[in-house]
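Here is what each chain is made of, one letter per residue.
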Amino acid sequence: LNRPPNANGRYRLGVMGGTFDPIHHGHLVAASEVGARFGLDEVVFVPTGIPWQKKGRRVSGAEDRYLMTVIATASNPDFTVSRVDIQRPGETYTVDTLKDLREVRGDHVDLFFITGADALAQILTWRGADELFDLAHFVGVSRPGVELHSPAVKHLPKDKITLMEVPAMAISSTACRTRVSQGLPIWYLVPDGIVQYINKRGLYAPEDNSDAADQ
Ligand code: ATP
Ligand code: MG
């Protein structure tokens with residue numbers, strides 16, 4: 001899938017990390033908006049392996065989250081999906097994601113890490129925070145209910161970060177999971193294929209305490 005550099009010798013690659021349990025239209029709109037604004041050649045979605053922030057809650061299997069991400073992005077020629085995080089043993093840290101992508105995709109690639117305002121606010125607490133800004137430009141997108149220009153963000157290096165308003169999508173994966181478990185619809189919050197996949201695999205059902213979804 002590696003594509004060649006542009007005439008100027010560079011290739012602009014957006015990176016959308018997430019648990020994607022499930023992927024929803026908030027993720028897709030954010031990636032699309034940043035892609036347009038930054039003239040990105042491609043946005044690669046990177047489902048996490050074990051998300052260290054989410055210890056203590058049940059996370060769907062990596063293959064289910066990977067396949068949902070593939071289904072949701074398949075129709076967009078500029079969206080791709082990477083397995084770097086689900087292949088790497090142990091917990092997922094963004095610093096490793098960015099290093100792996102740089103290695104796999106080559107030195108002609110400029111990385112733009114896309115993150116919602118909630119995740120951005122925690123950025124200084126991420127492992128390897130001191131290295132992060134050498135690896136990528138960070139784009140923080142607005143998210144309903146979260147302050148975009150939060151005090152935490154003021155301490156981040158200004159030339160390495162861009163804050164950007166995107167159309168407000170009041171959707172979270174948590175709300176999608178809760179709705180499914182309560183028998184409420186998630187049509188139009190997630191792509192149609194994701195509704196079908198969740199039904200087919202029986203994800204997020206209330207009695208789903210663990211193994212049904214892992215077979
Ligand atoms: P959960 O409720 O399980 O935490 P989530 O909806 O926050 O799920 P994640 O997979 O945690 O989804 O998010 C991946 C990235 O997408 C994060 O940077 C997050 O801030 C961003 N993001 C998620 N939903 C939105 C949204 N509705 N608008 C803008 N950004 C979003
Ligand atoms: Mg989240």
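By convention here, each chain's residues receive numbers from 1 onward along its written sequence. The naming scheme follows written order: chains are lettered A onward, ligands numbered 1 onward. Totals for whole chains, interfaces and linings use every residue, but because this is a predicted model, local features are given only for residues with pLDDT of at least 70 and side-chain atom pairs only at 80 or more, for both listing and counting.

Right, let's talk about the overall build of the chain for a bit. Helix and strand definitions follow DSSP, with helices as H or I runs of at least four residues and strands as E runs of at least two, each counted in order from the N terminus. Scanning the chain for helices and strands turns up 9 helices and 8 strands. Computed over C-alpha atoms, the radius of gyration of the chain comes to 17 Å, within 12% of the 17 Å expected from 2.2 N^0.38 for 215 residues, which places it in the range of a compact globule. On the principal axes, the C-alpha backbone points of the chain span a range of 50 × 40 × 35 Å. Taking all 215 residues of the chain together, 33% fall into the buried category. A pair of residues counts as a contact when their C-beta atoms, built from backbone coordinates, are separated by no more than 7 Å. For the chain, the share of sequence-separated contacts (at least 6 apart) that also reach a separation of at least 24 residues comes to 74%. Using C-alpha atoms as the atom set, the radius of gyration is obtained and then compared with a globule rule of 2.2 Å times the number of residues to the power 0.38. With C-beta atoms placed from the backbone, a residue is labelled by how many other C-beta atoms lie within 10 Å of its own: buried for 20 or more, exposed for 12 or fewer, partly exposed between the two.

Here the focus is the site of ligand 1. By nearness alone, 18 residues border ligand 1, and Gly-18, Gly-26, Gly-116, Ser-173 and Thr-174 come closest of all. For the shell around ligand 1, the elements supplying multiple residues, two or more each, are helix H1 (25–38), strand S6 (109–116), helix H5 (117–121) and helix H8 (173–181). If you tally residues by element for the shell around ligand 1, the top one is H1, at 3 residues. Residues that form the shell around ligand 1 fall into these classes: 6 nonpolar, 9 polar and 3 charged. Using a C-beta atom placed from the backbone, a residue is scored as near a molecule or strand whenever that atom is within 6 Å of it. Here the nonpolar group is Ala, Val, Leu, Ile, Met, Phe, Trp, Tyr, Cys and Pro; Asp, Glu, Lys and Arg are the charged ones; every other residue, Gly included, is treated as polar.

For the rest of this paragraph, the subject is the confidence of the model for the chain. Residues of the chain with pLDDT of at least 70 account for 93%, and the chain-wide mean is 91. Reported confidence for the predicted complex is 0.99 by ipTM and 0.93 by pTM. As a per-residue measure, pLDDT tells how confident the predictor is, with possible values from 0 to 100.

A separate point is the nonpolar core. In this structure, Val-15, Ala-31, Val-34, Phe-112, Phe-113 and Ile-114 are the most contacted members of the largest nonpolar core, which totals 42 residues. Beyond its immediate stretch of four places on either side in the chain, Phe-112 contacts Arg-12, Leu-13, Gly-14, Val-15, Val-34, Phe-38, Leu-40, Ala-136, His-137 and Val-139. What makes a nonpolar core is a set of buried Ala, Val, Leu, Ile, Met, Phe, Trp, Tyr and Cys residues, with links drawn between C-beta atoms within 7 Å.

The axes used here are C-alpha line fits, helices contributing only the stretch in contact, and every angle between their N-to-C directions lies in the interval 0 to 180 degrees. Running from N to C, helix H2 (residues 62–73) and helix H9 (residues 192–201) point in directions that differ by 155°, and their axes come no closer than 9 Å. With respect to H9, the axis of H2 lies roughly antiparallel. In terms of crossing hand, the pair formed by H2 and H9 is right-handed. When H2 is examined against H9, the residues Asp-64, Leu-67, Met-68, Ile-71 and Ala-72 are found in contact with a partner set consisting of Gly-193, Ile-194, Tyr-197 and Arg-201. Angular relationships are summarised with four words: roughly parallel below 35 degrees, roughly antiparallel beyond 145, roughly perpendicular across 65 to 115, and oblique for the angles in between. Handedness of a crossing follows from how the near helix is turned relative to the far one, being left-handed for an anticlockwise turn of less than a right angle and right-handed for a clockwise one.

On the secondary structure map, Gly-193 appears in helix H9. For Gly-193, a count of 15 C-beta atoms within 10 Å puts it in the partly exposed group. Sequence spacing of Gly-193 and Met-68 is 125 residues, and the spatial spacing of their C-alpha atoms is 8.1 Å. Here Gly-193 is in contact with Ile-71 and Ala-72, once residues within four sequence places are set aside.

Okay, H2 next. When the terminal C-alpha atoms of H2 are compared, their 17 Å separation across 12 residues agrees well with the 16 Å that a helix rising 1.5 Å per residue should span. Within H2, burial applies to Asp-64, Arg-65, Met-68, Thr-69, Ala-72 and Thr-73. Buried residues along H2 cover an arc of 155° about the axis, so they all sit on one side. Summarising the contacts, the buried residues of H2 are in contact with H1, strand S2 (42–47), strand S4 (79–81) and H9. Here the expected length of a helix is defined as 1.5 Å per residue gap, with one fewer gap than residues. In this context, the arc is that of the directions from the helix axis out to the C-beta atoms.

As a further point, take the environment of Asp-85. In this structure, Asp-85 sits in helix H3 (residues 84–87). Each C-alpha atom of the pair Asp-85 and Val-46 lies 6.7 Å from the other, and the pair is 39 residues apart in sequence. Ignoring sequence-local partners within four residues, the contact set of Asp-85 consists of Val-46, Pro-47, Thr-48, Gly-49, Thr-92 and Thr-97.

With that settled, the discussion passes to the environment of Glu-33. With respect to the helices and strands, Glu-33 occurs in helix H1. Judged by local crowding, Glu-33 falls into the partly exposed class, with 18 C-beta atoms found within 10 Å. Filtering out sequence-adjacent residues up to four positions away, Glu-33 remains in contact with Val-141 and Val-166.

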